[in-house]
Amino acid sequence: MTHAVNVHPLVSPWGRFGLYSFFIDAPEPAIVDTGIASSPAEGMAPALEAIGRRIEDVRWILLTHGHIDHLGGAHALWELTGRRAKVVIHEADAPMLRSRRAHVEEYLAGRGQYLGDPEGEAKVTAATHAVISGEMEPSLLVKGGETLSLGGDVTVSVHSIPGHTPGSVAYAIDGQRSVFVGDAVQVHGAANGFPGYVDPVAYRSSLEYVRDEIRPRHLYLGHPYRRADGTPYGVELDAAQAQEALDQSLAAEGRVGAAACGCLQAGLQETDSPYSPFAPAAEELGYTGDPALEPSPFFTSMHGYRTHLDQNSYYTVPGDDPQTPTGASHS
């Protein structure tokens, strides 16, 4: 690549969150992540018009993972491009693009087990219909290791970075190490104040891979994740900020993992605590947020540690004897 490719953040509001997408101003323009159903028309199109670009000209829709606030607008955006854009997602998260019901099944199999909400399934079902613009088949499934040509001399490398979801990926603009990770770098969490991931072993391995192998010069986050003191990062980080965010993400996972595994090894007990059966972990971590607020990262992560121990997998608290990670793949 002979010249720098400009990247423009595109923000759409949604409740407590700002939903961030990113426009890659390449010969074949790309948008990374799509917010919810209303985001393309109400957020992206006006923002692109303001910089002299047209949403109709977007030729790539690159999805970092399958959560509703990242792929909810994919079908609507695809329609606005005249169905010409290629929609890209990792094969492990593709069911979330194909089916609204897949989001409900994910809820029931994970955090929904702990929330004790008799209306939980109905609420998640309603949310998927409200914020996912349409079910669709992706144009291209990736595994990691692929290179996408955005026209001219602009290429994007795809890296598998599971943990936050099984199919989380990073897209890196080759030659300038501008890296889009969606929610795969959680630091100390976003609005809920807790990092969320379904597979703690893969999550940790992926953070190390991004830090040590990809080594971003520019790191683009899906939300303004927070430092240990609660102050938020922006969503565009330079090399030094990226290093700090990755190191803090690893430190946060170490603390959460130690508390979760201590709780699990002592034996789970049902109590009146809203954090039950993981109340000791919340107390040790000093976490006082509302665990029922979607996307409920507290229970998502706790369930991830429980799943690993139940499957006789290991979890190594940083500082313990090292063991070889399983469950993460990188390309």
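Values in this document were obtained by computation on a predicted structure and should not be read as measured data.

What counts and what doesn't
- Each chain has its residues counted from 1, running along the sequence as written.
- Reporting in this predicted model follows two pLDDT cut-offs: at least 70 for local features of residues, and 80 or more for side-chain atom pairs to be given and counted; totals over whole chains, interfaces and linings ignore these cut-offs and use all residues.
- With hydrogens and water stripped out, all remaining heavy atoms of the structure feed into the side-chain values.
- Every residue carries a pLDDT, the predictor's confidence in it, which falls somewhere between 0 and 100.
- Residues count as neighbours in contact if any of their non-hydrogen atoms are within 4.5 Å of one another.
- Cavity and pocket criteria rest on a 1 Å grid covering protein atoms alone: a 1.4 Å probe that fits but cannot get out defines a cavity, protein on both sides within 12 Å along at least 5 of 7 lines defines an open pocket, and an atom within 4 Å of a point defines a lining residue.
- Grid points are joined across faces, edges and corners, and a volume is the space filled by probe spheres set on the points.
- Strands are runs of DSSP state E lasting at least 2 residues, helices are runs of H or I lasting at least 4, and numbering of each runs from the N terminus.
- Within 6.5 Å between ring centres, the rings of Phe, Tyr and Trp (the latter by its six-membered ring) count as paired, and their orientation is classed by plane angle as stacked under 30 degrees, edge-to-face over 60, tilted in between.
- Each residue's exposure class comes from its accessible area (1.4 Å probe, protein chains only) as a fraction of the maximum for that residue type: buried when under 20%, exposed when over 50%, partly exposed otherwise.
- One less than the number of residues in a helix, times 1.5 Å, gives the span that helix is expected to have.
- The term polar contact refers here to a pair of N or O atoms within 3.5 Å; inside protein, the definition further demands a hydrogen-donor-capable atom paired with an acceptor-capable atom, and it admits residues adjacent in sequence only when both atoms are side-chain atoms.
- When we speak of the arc, we mean the arc of directions from the helix axis to the C-beta atoms.
- Helix axes are fitted to C-alpha atoms over the stretch in contact, other axes to C-alpha atoms as well, and angles between N-to-C directions run from 0 to 180 degrees.
- Throughout, the term roughly parallel applies to angles under 35 degrees, roughly antiparallel to angles over 145, roughly perpendicular to angles from 65 to 115, and oblique to all others.
- Take the far helix as your reference; a near helix turned counterclockwise from it by less than a right angle gives a left-handed crossing, and one turned clockwise gives a right-handed crossing.

### Quick notes on the confidence of the model for the protein
Part 1 of the argument: Summing up the model confidence of the protein, the mean pLDDT is 93 and the portion of residues at 70 or higher is 93%.
Part 2 of the argument: Note on residues 321-327: pLDDT under 50 across the span, and 13 contacts to partners over four residues away in sequence or across chains.

### Focus on the layout of surface pockets
Part 1 of the argument: Each pocket or cavity is described by its volume, and for the second largest pocket that value is around 260 Å³.
Part 2 of the argument: As for the second largest pocket, its lining consists of 14 residues, and the residues nearest its centre are His-188, Gly-193, Arg-255, Leu-285 and Tyr-287.
Part 3 of the argument: Looking at which element gives the most residues to the lining of the second largest pocket, the answer is helix α9 (residues 239-266), with 3 residues.

### Structural notes on the packing of aromatic side chains
Part 1 of the argument: Inspection of the entire model under this criterion finds 14 aromatic pairs.
Part 2 of the argument: Centre to centre, the rings of Phe-194 and Phe-298 are 5.2 Å apart; their planes meet at 70°, and the pair counts as edge-to-face. With Phe-194 in the loop between β10 (178-182) and α8 (200-214) and Phe-298 in helix α11 (residues 297-310), the pair connects residues that are 104 residues apart, well separated along the chain.
Part 3 of the argument: Owing to a relative accessible area of 1%, Phe-298 belongs among the buried residues under this scheme.
Part 4 of the argument: Arranged with centres 6.4 Å apart and planes meeting at 55°, the rings of Phe-278 and Phe-299 form a pair that is tilted. Placement of Phe-278 in the loop between α9 and α10 (279-285) and of Phe-299 in helix α11 is noted, with a sequence separation of 21 residues between them.

### Side note on α9
Part 1 of the argument: With 28 residues, α9 should cover 40 Å at 1.5 Å per step; its first-to-last C-alpha distance of 41 Å lies within 8% of that length.
Part 2 of the argument: With a side-chain oxygen positioned 3.2 Å from the backbone nitrogen of Ala-240, the residue opening α9 is Asp-238.
Part 3 of the argument: Phi turns positive, to about 100°, at Gly-267, one or two residues after α9.

### Points about helix α7 (residues 120-131)
Part 1 of the argument: Under the 1.5 Å per step criterion, the end-to-end length of α7 is 16 Å for 12 residues, consistent within 8% with the ideal 16 Å.
Part 2 of the argument: Those residues of α7 not exposed but buried are Gly-120, Val-124, Thr-128 and Val-131. Across the axial projection of α7, the buried residues extend over an arc of 95°, all falling on one side. Within α7, the exposed residues directed more than 90 degrees away from the buried face are His-129 and Ala-130.

### Observations regarding unusual backbone geometry
Part 1 of the argument: A cis geometry characterises the amide bond from Ser-276 onward to Pro-277, with omega recorded as 5°.
Part 2 of the argument: In this fold, Pro-277 is placed in the loop between α9 and α10.
Part 3 of the argument: In the Ramachandran plot, Arg-83 falls in the positive-phi region, its phi being about 60° despite a non-glycine side chain.
Part 4 of the argument: Within the secondary structure, Arg-83 sits in the loop between α3 (74-80) and β5 (86-90).
Part 5 of the argument: Accessibility expressed as a relative area gives 48% for Arg-83, which makes it partly exposed.

### What to know about the packing of α8 against α9
Part 1 of the argument: As a packed pair, α8 and α9 sit with axes 10 Å apart at the nearest point and diverge in direction by 160°. Classified by the angle between their axes, α8 and α9 sit roughly antiparallel to one another. By crossing handedness, the relation of α8 to α9 is classed as left-handed. Contact with α8, carried on its side by Pro-200, Tyr-203, Arg-204, Leu-207, Glu-208, Val-210 and Arg-211, involves Gln-243, Leu-246, Asp-247, Ser-249, Leu-250, Glu-253 and Gly-254 of α9 and no other residues of that element.

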